[in-house]
Amino acid sequence: MQVTGTVLTTRRVDAYHALTVVAPGIAERFRPGHFVSVAVGGPRTSMPTRRAFSVHDVKPDYGGTVELVFSVRGAGTSWLAERKARDSLDLVGPLGRPFPVPRDPCACVLVGGEYGSASLFSLADTLQQRGCRVDFVLGAASADRVFGALRARRMGETTTLTTEDGSLGLRGRVTDVLPSVIADARADVVYASGPMPMLRGVTAVAVEFDIPVQVSVEESMACGYGVCMTCVLPVLGDDGVTRMVRSCVEGPVFRGERVRFEDIGTIPFDALGAPGGRAQEGGAHTRHVS
Amino acid sequence: MQVTGTVLTTRRVDAYHALTVVAPGIAERFRPGHFVSVAVGGPRTSMPTRRAFSVHDVKPDYGGTVELVFSVRGAGTSWLAERKARDSLDLVGPLGRPFPVPRDPCACVLVGGEYGSASLFSLADTLQQRGCRVDFVLGAASADRVFGALRARRMGETTTLTTEDGSLGLRGRVTDVLPSVIADARADVVYASGPMPMLRGVTAVAVEFDIPVQVSVEESMACGYGVCMTCVLPVLGDDGVTRMVRSCVEGPVFRGERVRFEDIGTIPFDALGAPGGRAQEGGAHTRHVS
Amino acid sequence: MLTPDMSVDMRTYLAHVELANPITTAAGCAASGAELAQFFDLARLGALVTRSITMAPRAGRPTPRMAETPSGMLNAVGLQGPGVDAFLELELPRLVERGARAVVSIAGGSVAEYTALARRLADAPGVAAIEVNLSCPNVEDLGRVFARDPAASAEVVAAVRTTMRYDVPVVAKLAPDVADIVAVARACVDGGADALAMINTPLGMSIDVDTMRPSLAAGTGGLSGPAIRPLAVRCLWQVHAALPGVPLVGMGGVLTGRDALELILAGACVVAVGTALFHDPYACLRILRELEDLLKERGFERLADAVGLAHRPPGAGPRHRIDLEESSL
Amino acid sequence: MLTPDMSVDMRTYLAHVELANPITTAAGCAASGAELAQFFDLARLGALVTRSITMAPRAGRPTPRMAETPSGMLNAVGLQGPGVDAFLELELPRLVERGARAVVSIAGGSVAEYTALARRLADAPGVAAIEVNLSCPNVEDLGRVFARDPAASAEVVAAVRTTMRYDVPVVAKLAPDVADIVAVARACVDGGADALAMINTPLGMSIDVDTMRPSLAAGTGGLSGPAIRPLAVRCLWQVHAALPGVPLVGMGGVLTGRDALELILAGACVVAVGTALFHDPYACLRILRELEDLLKERGFERLADAVGLAHRPPGAGPRHRIDLEESSL
Ligand SMILES: Cc1cc2nc3c(=O)[nH]c(=O)nc-3n(C[C@H](O)[C@H](O)[C@H](O)COP(=O)(O)OP(=O)(O)OC[C@H]3O[C@@H](n4cnc5c(N)ncnc54)[C@H](O)[C@@H]3O)c2cc1C
Ligand SMILES: Cc1cc2nc3c(=O)[nH]c(=O)nc-3n(C[C@H](O)[C@H](O)[C@H](O)COP(=O)(O)OP(=O)(O)OC[C@H]3O[C@@H](n4cnc5c(N)ncnc54)[C@H](O)[C@@H]3O)c2cc1C
Ligand SMILES: Cc1cc2nc3c(=O)[nH]c(=O)nc-3n(C[C@H](O)[C@H](O)[C@H](O)COP(=O)(O)O)c2cc1C
Ligand SMILES: Cc1cc2nc3c(=O)[nH]c(=O)nc-3n(C[C@H](O)[C@H](O)[C@H](O)COP(=O)(O)O)c2cc1C
Ligand code: FES
Ligand code: FES
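Each value, and the rule that gives it
- Residues numbered from 1 in each chain as written.
- Chains lettered and ligands numbered in written order.
- Predicted model: local features only at pLDDT ≥ 70, side-chain atom pairs only at ≥ 80, totals over all residues.
- Heavy atoms only, no water.
- Helix = DSSP H or I, 4+ residues; strand = E, 2+ residues; numbered from the N terminus.
- Rg over C-alpha atoms; globule rule 2.2 N^0.38 Å.
- Buried < 20%, exposed > 50% of the residue type's maximum accessible area, 1.4 Å probe, protein only.
- Contact = heavy atoms within 4.5 Å.
- Areas by Shrake-Rupley, 256 points an atom, 1.4 Å probe, with all protein chains shown as cover.
- Lys, Arg positive; Asp, Glu negative; His and termini not counted.
- Charge placed at Lys NZ, Arg CZ, Asp CG, Glu CD.
- Axes fitted to C-alpha atoms, helices over the stretch in contact; angles between N-to-C directions.
- Left-handed = near helix turned anticlockwise from the far one by under 90°.
- Nonpolar A, V, L, I, M, F, W, Y, C, P; charged D, E, K, R; others polar.
- UniProt positions renumbered as here; feature names shortened; annotations may be inferred.
- Near = heavy atom within 4 Å.
- Polar contact = N/O pair within 3.5 Å; in protein donor to acceptor, adjacent residues only side chain to side chain.
- Pairing = 2+ DSSP bridges.
- Least-squares fit on C-alpha atoms with pLDDT ≥ 70 in both.
- Core = buried A, V, L, I, M, F, W, Y, C linked by side-chain atoms within 4.5 Å.
- Domains from an automatic or database assignment.
- Buried area = accessible area lost by both parts, 1.4 Å probe.
- Salt bridge = Lys/Arg side-chain N within 4 Å of Asp/Glu carboxyl O.

Draft legend 1. Quick peek at the overall build of chain A. When its secondary structure is counted, chain A shows 6 helices and 16 strands. What you see for chain A is a C-alpha radius of gyration of 19 Å, in line with the 19 Å of a compact globule of 290 residues. By principal-axis analysis of the C-alpha atoms, chain A measures approximately 55 × 50 × 35 Å. Split into buried and exposed, the 290 residues of chain A put 60% on the buried side. A separation threshold of at least 6 residues defines the contact pool for chain A, and within that pool the share at least 24 residues apart is 62%. Of the roughly 11600 Å² of accessible surface on chain A, 48% is carried by carbon and sulfur atoms. With 31 positive and 31 negative side-chain charges, chain A shows a spacing of 5 Å between the two charge centroids.

Draft legend 2. A look at the packing of helix 7 (residues 257-266) of chain C against helix 9 (residues 283-297) of chain C. Residue and element names in this part refer to chain C. At their nearest, the axes of helix 7 and helix 9 sit 7 Å apart, and the two run at 65° to each other. Here the hand of the crossing between helix 7 and helix 9 comes out right-handed. The residues of helix 9 that touch helix 7, namely those facing Gly-257, Arg-258, Ala-260, Leu-261 and Ile-264, are Ile-287, Glu-290, Leu-291, Leu-294 and Leu-295. Among the residues forming the contact of helix 7 with helix 9, the class breakdown is 7 nonpolar, 1 polar and 2 charged.

Draft legend 3. Highlighting the UniProt feature "domain: FAD-binding FR-type" (unreviewed entry) in chain A. Under the feature "domain: FAD-binding FR-type" (unreviewed entry), the UniProt entry names residues 1-101 of chain A. A helix fraction of 13% and a strand fraction of 44% characterise residues 1-101 of chain A, whose end C-alpha atoms lie 24 Å from each other.

Draft legend 4. Representation of the site of ligand 4 within the structure. Residues in contact with ligand 4 amount to 22 residues; listed here are only the nearest, D:Ala27, D:Ser52, D:Lys173, D:Gly253 and D:Thr275. Neighbouring residues of ligand 4 are not confined to one chain but are distributed across chains B, C and D. Contact between ligand 4 and D:Ala27: an oxygen atom at 2.8 Å from a main-chain N or O atom of the residue. One nitrogen or oxygen atom from the main chain of D:Ile199 is found 3.0 Å from an oxygen atom belonging to ligand 4. Coverage of ligand 4 by the protein chains reaches 98% of its 600 Å² of free accessible surface.

Draft legend 5. The sheet that holds strand 4 (residues 48-53) of chain D, seen in detail. All names here are of chain D. If you trace the 8 strands from one edge of the open sheet to the other, you get 3-18-17-12-11-8-7-4, paired in parallel fashion. For this open sheet the edge positions go to strand 3 (23-25) and strand 4, each flanked by a neighbour on one side alone. If you compare each strand with its neighbour and ignore which way they point, the axes differ by 25° on average. Strand direction decides the pairing type here: strand 12 (residues 195-198) and strand 17 (residues 248-251), joined by 3 bridges, are parallel. For Ala-197, the partnering residue across the bridge sits in strand 17 and is Val-249. Its contacts with the sheet place helix 6 (residues 229-242) against strand 12 and strand 17, and it is angled at close to 165° to strand 17.

Draft legend 6. Spotlight on helix 7 (residues 257-266) of chain D. All names here are of chain D. Among the 10 residues that make up helix 7, 9 are buried, leaving the element largely enclosed by the rest of the structure. All buried positions along helix 7 are accounted for by Gly-257, Asp-259, Ala-260, Leu-261, Glu-262, Leu-263, Ile-264, Leu-265 and Ala-266. One or two positions beyond helix 7, positive phi appears at Gly-267, with a value near 140°.

Draft legend 7. Broad picture of the site of ligand 2. Close to ligand 2 lie 21 residues; B:Thr49, B:Ala52, B:Gly74, B:Thr77 and B:Glu218 are nearest. Looking at the residues close to ligand 2, they fall on chains B and D. The contact in question runs from an oxygen atom of ligand 2 to an N or O atom on the backbone of B:Arg50, over 3.4 Å. In this structure, an oxygen atom belonging to ligand 2 sits 3.0 Å away from a main-chain N or O atom of B:Ser71. Contact with the protein chains hides 88% of the accessible area of ligand 2, taken as 820 Å² for the molecule alone. For the shell around ligand 2, the secondary-structure elements that each account for two or more residues are strand 4 (51-54), strand 6 (65-70) and helix 2 (75-81) of chain B. With 4 residues, the top contributor of residues to the shell around ligand 2 is strand 4 of chain B. Tallied by class, residues from the shell around ligand 2 come to 9 nonpolar, 7 polar and 5 charged.

Draft legend 8. Representation of the pairing of strand 4 of chain B in the model. Residue and element names in this part refer to chain B. The side-chain alternation of strand 4 yields one buried face, formed by Arg-51 and Phe-53, and one unburied face, formed by Ala-52 and Ser-54. Bridge count between strand 3 (residues 35-38) and strand 4: 4 bridges; the pairing is antiparallel. Within strand 4, the residue paired with Val-38 across the bridge is Arg-51.

Draft legend 9. Representation of unusual backbone geometry. In this chain, B:Gly93 is followed by B:Pro94 through a cis amide linkage whose omega measures -10°. Here B:Pro94 lies in strand 7 (residues 88-95). Of the consecutive residues C:Thr63 and C:Pro64, the connecting peptide bond is found in the cis state with omega at -5°. Note that C:Pro64 resides in the loop between strand 4 (48-53) and strand 5 (66-69).

Draft legend 10. Examining the relation of the copies chain C and chain D more closely. Relative to chain D, chain C is turned by 180° and slid 0.0 Å along the rotation axis, the superposed coordinates differing by an RMSD of 0.0 Å. Overall, the copies show the geometry of a two-fold rotation axis.

Draft legend 11. Structural context of the side chain of D:Thr69. Assignment of secondary structure puts D:Thr69 in strand 5 (residues 66-69). Of the residues examined, D:Thr69 reaches a relative accessible area of 6% and is grouped as buried.

Draft legend 12. View of the nonpolar core. By size, the foremost hydrophobic cluster in this structure holds 274 residues, and its most contacted members are C:Leu196 and D:Leu196. Ignoring any residue separated from it by four or fewer positions in sequence, one finds D:Leu196 in contact with D:Val171, D:Ala172, D:Leu174, D:Ala185, D:Cys188, D:Val189, D:Val239, D:Leu243, D:Val246, D:Pro247, D:Leu248 and D:Val249.

Draft legend 13. The arrangement of the domain arrangement of chain A in detail. Residue and element names in this part refer to chain A. Looking at chain A, the domain boundaries give domain 1 (2-95), domain 2 (107-216) and domain 3 (221-290). Inter-centroid distance (C-alpha atoms) of domain 1 to domain 3 is 28 Å. Between domain 1 and domain 3, the contact holds 6 residues from the first and 6 residues from the second. Surface buried jointly by domain 1 and domain 3 totals about 480 Å² across both partners, of which 69% is contributed by carbon and sulfur atoms. At the boundary of domain 1 with domain 3, the tally comes to 0 salt bridges. At the boundary of domain 1 with domain 3, the tally comes to 0 residue pairs in polar contact (both at pLDDT 80 or more). Looking at the side of domain 1 that touches domain 3, its residues break down into 3 nonpolar, 2 polar and 1 charged.

Quick look at the structure:
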């Protein structure tokens, strides 16, 4: 749904900006892993495409608020960083396939890279409410880019931090420490959100441990709700067929081992409808299932 | 010169918005009749052309401020109407040919239509400092669109107001009352600023009285300083040749009787370089003089 | 004049097919329609134009497929889609069920492929019209795009026209990156097109100055959005002036009712909305409402009376004389 | 790598003519140069490109001549100017006095007129190069614009090339509204062009929905500004790929150093600034400074090393594979 929300608060959190927006309709429908898309630039903007952001938090205040956490990258996020309390903001959401949560209590490792950790805390909440054990692994290039370390320490059974420059926690990457965290926690499942190379590495570790892994991917998106076909990536279906599926509606959360990370940015030759590749017969196969 | 000014105050004046901007360099160089051009829409605007506004007032506060008075017409003026104190505003100015002022004291009638009157008060100031008598005639469609009536009453020897709907002053147009004002004031010169049809009418009256008239015209402008050639109108030169001259640098103030009002929006067949028209020989004639 | 509570007659005709209103989706900007149907009833659209359907399923181009440009966006989706069989089995019936008027866009790499597509669609129930996307590389002509060649465009249109049922209009969709849009338009009409749609996306490109590589994996892509509206208005204007009897579907950067009215005044009797849908799923209905209000304010009783109105000789006065010389200078 | 205090070698060549830096004004966007000279020293520009000079004085088109569009503007100035005699008598000498490198743009309605202009300019001192504006209606071909026809473009270029002094480069300026920009580029080079400039303004239009009439008195006009940058990048890219040895002057919507770098990476060795000058009289110098900083940040010692760099095969990895198919879909 589309909502004209009102900015409630703005704050800086290390390298990030956080915006809380009153948007009852979105807050109400939210489930962990959902994202929203934001119109940027105001009336007569020169930026016609919306920007996608994970929802960090929802709160019941004022009928329902959502919080976004973002870093300034280009013109759209610069504009967003200048919003002030009481400005209005045009949001569409909640969008995407949220994180699937286990029916029964189990041990979960939540891995976040950079602002990717923002979407993990509401997930941790839900998991803990269901009696799951939650362990965090958060990483980034440097200390100021690790998001949510304090909250992770409060919520997690254990919290392991990594930075590439060693300015916080262990020097290195989340994948360096993940195996021991999985082993110590006797994890049943891994959830991950962060840059693509991290997701690829996390998936490889989970596969090695033979436990399921749910990854939240980030592809360039124009619409966020399935109509533009710009946000696709190659994903292996239940039927063994690779399809170019939309990360905004079939994702952003996928089973990690189904995502063909090494082929992102290409059309794998064996994908359905690949140039010169096999064109499946019959219509049923051509639906996007993943 | 280009200045990044800071908005000092904003206010509504009947149908108009007024913005005072700290812009010392512009205030210092200002003479009555000058205009400024304003960048609208902020960074990454979709509106690449500046908007032109007469300078209503300059004050010495904060090193020098300029005040603009404007009505909301399209997207640019809407944006401008939303500016708040402390916002910054990108101005270029002062631009254009200001009102020429007489060397010796004489009687001047100042005619303003709609927001056109905004540029007349600093002119009146200058004229009065030189010992001139000033009479005002201000008109508009309705009372809320007559700008500066109070100030005119304070400053002018007489002030005559007209509105088309009769909601203030006399019902009618400035040209209906202008002859008697000129006669009563024994005016030596007329100054006028307002919509083109009004300028045309005022010029006709002045011509009838055989007194000089200086009009400040308003043509669509892309650059405001003479490089784009979009703001032209047909003006008769001293040499009797009509040229398409730029209202931003050769104007916006012209001698009314030299402007070929009836031909605005055309290229008169006898204009220099008109299609099929006479092409003057020699280079000297082709300079824009008016 | 209308009284404020009267409504404007918004009906329009795409050739002989009546549409309840002039606002449709643009091809490739509403996927199969199912996604928009979550937001509103598709029957409220003038028509839903499908993505361009190809014979075989297509995986499309590699990513990144999208880049934003000033007031526009580039896309290189590459006609990703399920192929005509799956379309007929799964997508078209759902559109019909939902009460949408379906205009089916088709794309091929050869005249034979377009013909084959028309044959597959000829007997499909629920095809209100066929839109022939001519912005496809012709494999038999070194990949030269059909739309850039009047003769090739006409050949495709003629083949589709001959194959389709006579009562299903064939709309030829043209691209602006040609030297003479009227020549292409005329060729398509001579080839049997019942209506023309314009504009498809001109070819554009952007380079990321940080990676120092093209922003799109495909290098070039189609430019859409408000940036191209002046090109759309100009193409519609020129073609309507040259071929006043041919129904035109206008598109290119329509975000608001004012934009739609601009295209209508230039000569469009149907207006398609593309990029705006990415910004606002409700864009079509909002634009329709705004358009109706604008027409009402201007005293129109019928949309049809506004079509091409900017071409009419103005009241009088030289200020409005229109000089149609073609140079851009 | 550069140390922070080293400066980048910004010199570039327009054919064999060395320019101190790659930033010039665009034709018709700096009038005679006198106006800009109030703001800064014209000698600091790579070159000043004059408005297009015609044989006779021209009054241009009626007003309104300008309309704003999303991230762009339309203009129909119609080559208003004093004619070549006055230009040579009054404008060119002033430019030379001011130390500006003057590239003289010329415009005509027939091959004979271009030839006559070249003859008048052949011996004029201080002409660094001639830019042939081909976006003019050819009176001998029903007003068809030269730039839209490879053969007509080549003919004009050949006539000018033959007439001009051999040591003055002739630059052919192309428009994007053609089906195949490479064909026009090739024809001009075959005709003797020493360099190519692109893009001139594509033909656009806007309609005022309040008056319900075209916004410009001339009806159509040339579209400029950021909106068209993706078209400029694409044209430069295609022409540089096809004719890598030909020097290219890039223009179209350059507002910042990043925009200039985008055109350079696509293949331009000179970048002209047009519409941005209307917004900011200092635009050229600001863009030059920003460009130099960007090059420095990226470790370039010489501007020349960045020209066309986006064409080079990337390090590795399929993510960057460039597929040059021409369709916009
Ligand atoms: C599902 C999802 C969730 C996201 N969550 C967050 C978050 O919580 N916090 C955060 O800081 N960022 C998040 N991002 C990335 C965020 O969308 C981009 O940083 C943002 O779009 C950049 O916009 P810009 O105008 O600053 O950059 P520009 O480079 O000017 O953007 C230009 C265009 O490219 C698109 N784009 C550029 N980078 C990205 C990217 N990495 N992903 C998707 N689109 C991109 C933009 O949407 C826009 O259309 C998320 C992306 C996705 C897809
Ligand atoms: C010398 C001069 C002085 C002016 N002084 C004032 C003033 O004191 N107060 C005031 O309210 N207005 C004044 N105007 C008119 C003012 O420039 C326009 O109202 C304004 O540009 C409209 O911008 P917009 O974005 O709201 O409208 P839009 O219609 O969106 O503007 C689109 C484009 O058209 C141009 N344009 C539109 N209308 C005009 C116009 N009437 N004159 C010039 N350009 C136009 C704009 O600059 C812009 O480039 C003056 C104009 C000139 C030339
Ligand atoms: C992502 C995207 C995909 C498109 N796919 C198609 C397509 O499959 N067939 C087609 O004819 N046009 C396609 N187009 C072009 C649009 O139908 C339309 O002509 C163009 O985008 C201009 O309209 P707009 O500015 O409103 O988007 C596509 C455009 C976009 C942006
Ligand atoms: C007002 C105006 C006048 C122009 N006059 C000319 C001209 O006389 N000759 C020419 O070759 N190009 C002319 N152009 C085109 C520009 O030189 C340039 O090619 C085009 O505007 C694209 O660059 P920009 O987006 O930076 O403006 C003109 C453009 C504008 C906006
Ligand atoms: S972002 Fe448009 S389909 Fe996914
Ligand atoms: S506004 Fe550009 S020349 Fe006058």
